[in-house]
Amino acid sequence: MSSDQANTTRSPAPHDDLAAQALALHRGGKLAVTATVPLRDTHDLSLAYTPGVAAVCTAIALQPELAHDYTWTSHTVAVITDGSAVLGLGDIGPRASLPVMEGKALLFKQFAGLDAVPIALECRDVDDLVETITRLAPSFGGINLEDISAPRCFEVEARLQDLGIPVFHDDQHGTAIVTLAALRNAARLTGRTLADLRAVISGAGAAGVAIAKMLLAAGIGQITACDRQGVVSTSRSDLNPAKHELARLTGATTPGTLASALAGADVFIGVSGGTVDEDTVRTMAPGAIVFALANPHPEIDPAVAARHAAIVATGRSDYPNQINNVLAFPGIFAGALQARAPRITDTMKLAAADALAGVVADELTPDRIIPSPFDPRTAPAVAQAVAHAAHQHAVPTAC
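Everything quoted here is computed from the prediction, not taken from an experiment. (Residues numbered from 1 in each chain as written. Predicted model: local features only at pLDDT ≥ 70, side-chain atom pairs only at ≥ 80, totals over all residues. Heavy atoms only, no water.)

Quick look at the overall build of the chain now. Tallying secondary structure elements over the chain gives 17 helices and ten strands in all. Over its C-alpha atoms the chain spans a radius of gyration of 23 Å, differing by no more than 12% from the 21 Å that the globule rule assigns to 399 residues. The proportion of buried residues among the 399 residues of the chain is 49%. Taking the contacts inside the chain whose residues are at least 6 apart along the sequence as the reference set, 64% of them involve residues at least 24 apart. Carbon and sulfur atoms provide 55% of the accessible area of the chain, an area that totals close to 19100 Å². (Helix = DSSP H or I, 4+ residues; strand = E, 2+ residues; numbered from the N terminus. Rg over C-alpha atoms; globule rule 2.2 N^0.38 Å. Buried < 20%, exposed > 50% of the residue type's maximum accessible area, 1.4 Å probe, protein only. Contact = heavy atoms within 4.5 Å. Areas by Shrake-Rupley, 256 points an atom, 1.4 Å probe, with all protein chains shown as cover.)

The following block contains the structure:
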């Protein structure tokens, strides 16, 4: 080996090792279909398939709601994407998105005992997405929309709410539910309530808009939302309809920068992938709460944020207080399917956030404002709260 070769040879970095392990684990995919009934002989065959299955089909044709009792729809969710906004990878297309959708299905099974089917669609037009998902809907008990870019995701979800089964865009509402739960506990730990807090959200995409709406519904004191151009205010002429509604809801009427908005603020919530410098965090109010949720690189290094903030959370699993959607969506769908709810309402989302916060309400520390997804109390608590809210508020049963 020459000296030049020696100088360019390196040992595998930890990231290289992780990638190799991930590739090895994914070979053949992460999912399979398995039978829930025996098929040992001709008698079993006659019951599971023809002629016995005809009696079940006839019963469902006469009473469509019986599909919940006699098919897999009572415990099966479709995880649907177009591959346009996948994790931190962006628009990588439907085929490359499948490992993420399989992973989501794995989480449904692990944390809520639900079966989930990954479906990656080769279409981007809103009308095409809505039509395709509508045609698929009879095969499932619920639909988890995943990694569809904003602002299309808002319209797709809104137009699918009358399918008769729960349709939930996790990048919006899952993130918002977990953020609200964590913020409730952070406020409590620092001797405040939500109404006492002035929050700034960096990022006005799917997650940022949903977080703002949920925090406002929960009674937060004030919110300012920012995008790359600064404060999302009604004075701007470059806003899409979703951002214009956000400006109206938050009451922002004048322009400004993220830095100016954060001066004196109690809470920073980052869902943008941008950066915030230490000097800006230093200007926040005493007892500040910093949720730097961009992955894999938080908007500000957690160790730096901790110099000035009372509580710091990220979206990463290698730091305390991980704001992770897996804390919400398994229990939400389990509860909605249990209640046979035709949609997931705002009341059900708020109930999920309250239940999630309550799991660790008596165990709060600055490094523990939210439970772990591996805490066996988490998904059942959320499911019970969602089912109760569905029944309590008379959400009609789906057919």
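This next bit is on the sheet that holds strand E5 (residues 198-202). Across the sheet, which stays open at both edges, the six strands sit in the order E7-E6-E5-E8-E9-E10 with mixed pairing between neighbours. Looking at the sheet topology across the chains shown, the edges are occupied by strand E7 (230-231) and strand E10 (309-314). Sheet topology places E5 next to strand E6 (residues 222-227); five bridges connect them, and they run parallel. In the sheet register, Arg-198 faces E6, and the bridge partner there is Gln-222. (Pairing = 2+ DSSP bridges.)

This part covers the environment of Arg-282. Inspection of the secondary structure assignment puts Arg-282 in helix H13 (residues 278-282). For Arg-282, a relative accessible area of 45% translates into the label partly exposed. Within the structure, the side chain of Arg-282 is placed 2.4 Å from the side chain of Asp-279, a separation counted as a polar contact. (Polar contact = N/O pair within 3.5 Å; in protein donor to acceptor, adjacent residues only side chain to side chain.)

Bringing the sheet that holds strand E3 (residues 142-145) into the picture now. Here we have four strands laid out as an open sheet, ordered E2-E1-E3-E4, and parallel in their pairing. At either margin of the open sheet sits one strand with a lone partner, and together these are strand E2 (115-120) and strand E4 (167-169). Each adjacent strand pair in this sheet contributes to an overall mean axis angle of 20°, direction not counted. Examined bridge by bridge, strand E1 (residues 76-81) and E2 share six bridges and lie parallel to one another. Note on E2: the bridge partner recorded for Val-77 is Ala-116. The sheet contacts of helix H8 (residues 152-159) involve E3 and E4, and relative to E4 the element is tilted by about 165°. Against the sheet, helix H9 (residues 170-189) contacts E3 and E4, and its axis sits at roughly 75° relative to E4. (Axes fitted to C-alpha atoms, helices over the stretch in contact; angles between N-to-C directions.)

Put simply, Ala-150 and Pro-151 share a cis peptide bond, and its omega is 5°. Locating Pro-151 in the fold gives a position in the loop between E3 and H8. A cis geometry characterises the amide bond from Asn-295 onward to Pro-296, with omega recorded as 0°. Inspection of the secondary structure puts Pro-296 in the loop between strand E9 (288-292) and helix H14 (302-305). One non-glycine residue, Asp-147, lies in positive phi territory at about 55°. Position of Asp-147 relative to the elements: it lies in the loop between E3 and H8.

Moving on: the packing of aromatic side chains. Remark: the centre distance and the inter-plane angle together describe each pair of aromatic rings, the angle taken between the planes. A full pass over the atoms with the stated rule returns five aromatic pairs. Ring geometry for Phe-111 versus Phe-374: centroids 5.3 Å apart, planes at 70°, classification edge-to-face. Here Phe-111 is found in helix H6 (residues 94-112), whereas its partner Phe-374 is found in the loop between helix H16 (346-359) and helix H17 (378-392), with 263 residues between them in sequence. Taken together through their ring pairs, the aromatic side chains of Phe-108, Phe-168, Phe-329 and Phe-333 make up a single cluster. (Phe/Tyr/Trp six-rings, centres within 6.5 Å; stacked < 30°, edge-to-face > 60°.)

We now examine the packing of helix H10 (residues 206-218) against helix H11 (residues 241-250). One can describe the packing of H10 onto H11 by two numbers: an axis separation of 11 Å at closest approach and a directional angle of 25°. The pairing of H10 with H11 is recorded here as roughly parallel in orientation. Both H10 and H11 take part in a crossing whose hand is left-handed. Of H11, the residues touching H10 (which contributes Val-209, Ala-212, Lys-213 and Leu-216) are Glu-245, Leu-246, Leu-249 and Thr-250. For the contact of H10 with H11, the per-class residue count stands at five nonpolar, one polar and two charged. (Parallel < 35°, antiparallel > 145°, perpendicular 65-115°, else oblique. Left-handed = near helix turned anticlockwise from the far one by under 90°. Nonpolar A, V, L, I, M, F, W, Y, C, P; charged D, E, K, R; others polar.)

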